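Chain and residue survey
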Amino acid sequence: MLNIVLLEPEIPQNTGNIGRTCVAIGARLHLIEPMGFQVTDKWVRRAGLDYWDQLDVTVYDSWSSFLCKNKPIDGDVPIYMATTKARHIYSDVNYEDECYVVFGKESAGIPEELLVENEARTIRIPMLGDTRSLNLSNSVAVIAYEVMRQRGFGELKKAGELHRLHWK
């Protein structure tokens, strides 16, 4: 199972959208405080639609609390840091089962101290020119679906059904 980690997210709608993506692909969501909202915020719930109750989500009071409870760096399961500053492109990585992908807060990203400590596992989404970054929920979706693609999409439905008509 993929683990999506949001370090100090600030915008409730982004977190709601990310929660919905996690439900759609069967990923766990880890939220690390401080956050710019409460998980009960109506904007989180609205963006997550009626999927929020199906979400496997855990809230931690700090980065160190997250590490103590999950032990991703010292264990067999790697942690990747998504940042615009990385040298490695996200699609060049072979993601292990149960890996963690960390995304920083919308206004500042992941603290550089954490990036330096995990330099070999920093990843980025390529962008043109002076583009600073993509929206957080878009970034999570891009990388999460790359992980799922590498896994052959697992149990995800490969074809959808029409509402009124039928495919031939």
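It should be noted that the structure appears before, not after, this text.
The next point concerns the overall build of the protein chain. A tally of regular secondary structure across the protein chain gives 5 helices and 7 strands. Looking at the protein chain as a whole, 40% of its 168 residues are labelled buried. Long-range contacts, defined as pairs at least 24 residues apart, comprise 73% of the intrachain contacts of the protein chain with a sequence gap of at least 6. Accessible area of the protein chain: about 10100 Å², with a carbon and sulfur share of 49%.

A word on a nonpolar patch on the surface. Residues Leu162, Leu165 and Trp167 make up a contiguous nonpolar surface patch of roughly 340 Å² in combined accessible area. The topology assignment puts Trp167 in the segment after helix 5 (136-150). Given the relative accessible area of 59%, Trp167 is considered exposed.

Once the charged atoms of two side chains with opposite charge are near each other, the side chains can pair. Evaluation of the coordinates by the stated rule reveals 6 salt bridges. For Lys105, the salt bridge is made with Glu8, and the minimal N-O distance between the two is 3.3 Å. Note that Lys105 is positioned in the loop between strand 6 (100-103) and helix 4 (112-117) and Glu8 in the loop between strand 1 (3-7) and helix 1 (12-25), a separation of 97 residues in sequence. Judged by its relative accessible area of 24%, Glu8 is partly exposed. For the salt bridge of Arg151 with Asp97, the shortest nitrogen-to-oxygen distance reads 3.7 Å. Placement of Arg151 in the segment after helix 5 and of Asp97 in the loop between strand 5 (88-89) and strand 6 is noted, with a sequence separation of 54 residues between them. Judged by relative accessible area, Arg151 falls into the partly exposed class, the value being 24%. Overlapping salt bridges, with partners in common, bring together Arg28, Asp56 and Glu98 in one network.

Attention now moves to the side chain of Glu146. Along the polypeptide, Glu146 turns up in helix 5. Within polar-contact distance, the side chain of Glu146 engages the side chain of Gln150 at 2.9 Å.

Glu33 connects to Pro34 through a cis peptide bond whose omega is 5°. Relative to the assigned elements, Pro34 resides in the loop between strand 2 (28-32) and helix 2 (42-47). Phi at Glu8 is positive, roughly 55°, even though this residue is not glycine. For Phe153, which is not glycine, the phi dihedral falls at a positive 65°.

Moving on to the side chain of Asn3. By the secondary structure assignment, Asn3 is in strand 1. With a relative accessible area of 1%, Asn3 lands in the buried category. At 3.2 Å, the side chain of Asn3 and the side chain of Arg28 are in polar contact. Leaving out residues up to four positions away in the same chain, Asn3 has contacts with Arg28, His30, Glu98, Cys99, Tyr100 and Val101.

The element strand 2 is extensively covered by neighbouring structure, given that 4 of its 5 residues are classed as buried. The pairing of strand 1 with strand 2 spans 5 bridges and is classified as parallel. Each bridged residue has a counterpart across the sheet, and for Ile4 the counterpart in strand 2 is Leu29. Read from strand 1 through helix 1 to strand 2, the crossover connection turns out right-handed. Pairing analysis gives 5 bridges linking strand 2 to strand 3 (residues 56-60), with the strands arranged parallel. The residue bridging Leu29 from the neighbouring strand is Val57, located in strand 3.

Conventions we followed
- The written sequence of each chain sets the order in which its residues are numbered from 1.
- Given that this is a predicted model, residues contribute local features only at a pLDDT of at least 70 and side-chain atom pairs are listed and counted only at 80 or more, while totals for whole chains, interfaces and linings are drawn from all residues.
- As a rule here, side-chain values come from all non-hydrogen atoms in the structure, and water together with hydrogens is ignored.
- The secondary structure listing takes helices from DSSP runs of H or I that are at least 4 residues long and strands from runs of E that are at least 2 residues long, numbered from the N terminus.
- Only protein chains enter the accessibility calculation, which uses a 1.4 Å probe; a residue is then buried when its area is under 20% of its type maximum, exposed when over 50%, and partly exposed in between.
- What makes two residues a contact is simply this: any of their non-hydrogen atoms within 4.5 Å.
- Here the Shrake-Rupley method, with its probe set to 1.4 Å, supplies the accessible areas, and only the displayed protein chains count as covering residues.
- Residues qualify for a patch when their relative accessible area is over 30% and they have no salt bridge, like charges being joined within 9 Å and the nonpolar side chains of Val, Leu, Ile, Met, Phe, Trp and Tyr within 5 Å.
- Definition used for salt bridges: Asp or Glu carboxyl oxygen within 4 Å of a side-chain nitrogen of Lys or Arg.
- Contacts described as polar in this section are N or O atom pairs within 3.5 Å, which, within protein, must combine one atom able to donate a hydrogen with one able to accept it, while residues neighboring in sequence count only if both atoms come from side chains.
- For two strands to pair, DSSP has to find at least two bridges joining them.
- Seen with the strands pointing away from the viewer, any crossover whose path from the first strand over the helix to the second strand runs clockwise is right-handed.

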